[in-house]
Amino acid sequence: MLQRLKQVKKVFNCGVHAEGDGAQVVSVIDNKDIPRLNPFLMLDYGSCKLPTGFPDHPHRGFETVSYILRGKMYHEDSKGNKGELEQGDVQWMTAGRGVLHAEMPASFDELSSAFQLWINLQAKHKLCEPQYQEYKKNQIPSVNQPGLTIKLIAGEAYGQKAFYMDVHMEQNSKFEQNIPGSWNSLCFLYEGEGVFQGHAADINQSVLLETTQEDETLIVESKNGCKFIFIAGEPIDEPIVQKGPFVMNTQEEVEQAIVDYELGQNGFEGANEWKSKIRELSNKE
């Protein structure tokens with residue numbers, strides 16, 4: 001049986017904008033080219049150092065996966081969870097019915113860089129209890145092949161199947177990955193240059209892949225070496241209604257999320273009083 005090859009739909013540049021409190025962010029998903037990529041709601045590649053960062057803000061109805069590329073980031077949420085993430089560490093936060101949190105860099109001098117992926121939750125899980133998991137660099141599975149290092153950042157959660165990989169290619173190397181039929185998929189090149197099924201891509205460019213009903217193989221080649229994020233996921237066949245940090249299935253549910261947050265109820269208890277300690281990091285003594 002002949003191998004079916006995954007084709008490229010388009011290659012495009014990703015713009016930079018300010019997010020949070022002055023942090024610089026490259027929008028990979030959640031931009032004019034890809035508003036969403038079901039089940040993924042957003043993929044940002046952000047860099048910041050104090051006094052900028054991402055101070056206290058709410059979420060409901062989805063999960064966030066943060067992957068630290070360099071530097072150090074602190075995390076704190078309204079459920080009592082705290083974390084210190086360094087290069088190569090991963091944080092997985094299920095917002096569920098509601099959580100407030102803050103993410104701040106650790107230094108005024110050293111730049112911290114990270115990817116954050118937002119993954120939608122099925123309707124039956126959107127109001128689950130929030131959860132927090134932190135994985136250190138040495139806990140992240142990796143695959144080492146001649147010319148290749150692949151870090152397996154995330155796989156399946158709450159029955160939702162997905163790939164999330166950081167792929168490092170050396171000179172004159174090849175990467176091959178099977179992608180199940182009906183899954184949406186994308187690559188984002190953050191260092192070097194590569195050729196994705198015959199289409200050249202450079203730093204800060206995204207490669208959106210065609211979605212078909214057949215299992216297909218993505219082939220990437222690099223003459224001079226490159227590093228890219230690869231994501232692929234099984235779509236959730238449900239409506240999506242989003243208002244900023246609230247992602248639900250109907251307009252009424254989003255409006256209720258806003259009311260719950262403002263009144264401090266149904267998952268947002270104490271929201272009006274909670275303030276993170278790490279937000280104070282921006283105040284240089």
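See the structure above.
Let me sum up the structure you'll find in this document.

Rules and cut-offs
- Residues numbered from 1 in each chain as written.
- Predicted model: local features only at pLDDT ≥ 70, side-chain atom pairs only at ≥ 80, totals over all residues.
- Heavy atoms only, no water.
- Core = buried A, V, L, I, M, F, W, Y, C linked by side-chain atoms within 4.5 Å.
- Buried < 20%, exposed > 50% of the residue type's maximum accessible area, 1.4 Å probe, protein only.
- Contact = heavy atoms within 4.5 Å.
- Helix = DSSP H or I, 4+ residues; strand = E, 2+ residues; numbered from the N terminus.
- Polar contact = N/O pair within 3.5 Å; in protein donor to acceptor, adjacent residues only side chain to side chain.

1. Topic: the nonpolar core
At step 1: One finds Leu-43, Phe-115, Tyr-164, Leu-186, Phe-188 and Ile-231 to be the most contacted residues of the largest nonpolar core, which totals 29 residues.
At step 2: Among residues more than four places away in sequence, those in contact with Tyr-164 are Leu-43, Val-65, Tyr-67, Phe-115, Leu-117, Lys-151, Leu-152, Ile-153, Ala-154, Ile-229, Phe-230 and Ile-231.
At step 3: Within the second largest apolar cluster, 21 residues are counted, among which are Val-8, Leu-148, Trp-183 and Leu-209.

2. As for the environment of Asn-272
At step 1: Tracing the backbone through its elements, the reader meets Asn-272 in the segment after helix H1 (251–263).
At step 2: Expressed as a C-alpha distance, the spacing of Asn-272 and Tyr-261, which sit 11 residues apart in the sequence, is 8.3 Å.
At step 3: Setting aside its immediate chain neighbours within four residues, Asn-272 contacts Tyr-261, Glu-262, Leu-263 and Gly-264.
At step 4: Polar contacts involving the side chain of Asn-272 include one to the main-chain carbonyl oxygen of Glu-262, which spans 3.5 Å.

3. Side note on the environment of Glu-216
At step 1: Note that Glu-216 resides in strand S21 (residues 216–222).
At step 2: Along the chain, Glu-216 and Gln-3 lie 213 residues apart, while their C-alpha atoms are 7.2 Å from each other.
At step 3: Beyond its immediate stretch of four places on either side in the chain, Glu-216 contacts Arg-4, Leu-5, Lys-6, Gln-177, Asn-178 and Ile-179.
At step 4: Within polar-contact distance, the side chain of Glu-216 engages the side chain of Lys-6 at 3.0 Å.

4. Concerning unusual backbone geometry
At step 1: The omega angle of the peptide bond from Asn-38 to Pro-39 is 15 degrees, so this bond is cis rather than trans.
At step 2: Summarising the element assignment, Pro-39 is placed in the loop between strand S3 (23–29) and strand S4 (40–48).
At step 3: Across the junction of Leu-50 and Pro-51, the peptide omega takes the value 15 degrees, indicating a cis bond.
At step 4: Topologically, Pro-51 is positioned in the loop between S4 and strand S5 (54–59).
At step 5: Positive phi, close to 55 degrees, is recorded for Asn-172, a residue that is not glycine.
At step 6: Take Asn-172: it is sitting in the loop between strand S15 (162–169) and strand S16 (173–179).
At step 7: Residue Gln-197 is not a glycine yet carries a positive backbone phi of 50 degrees.

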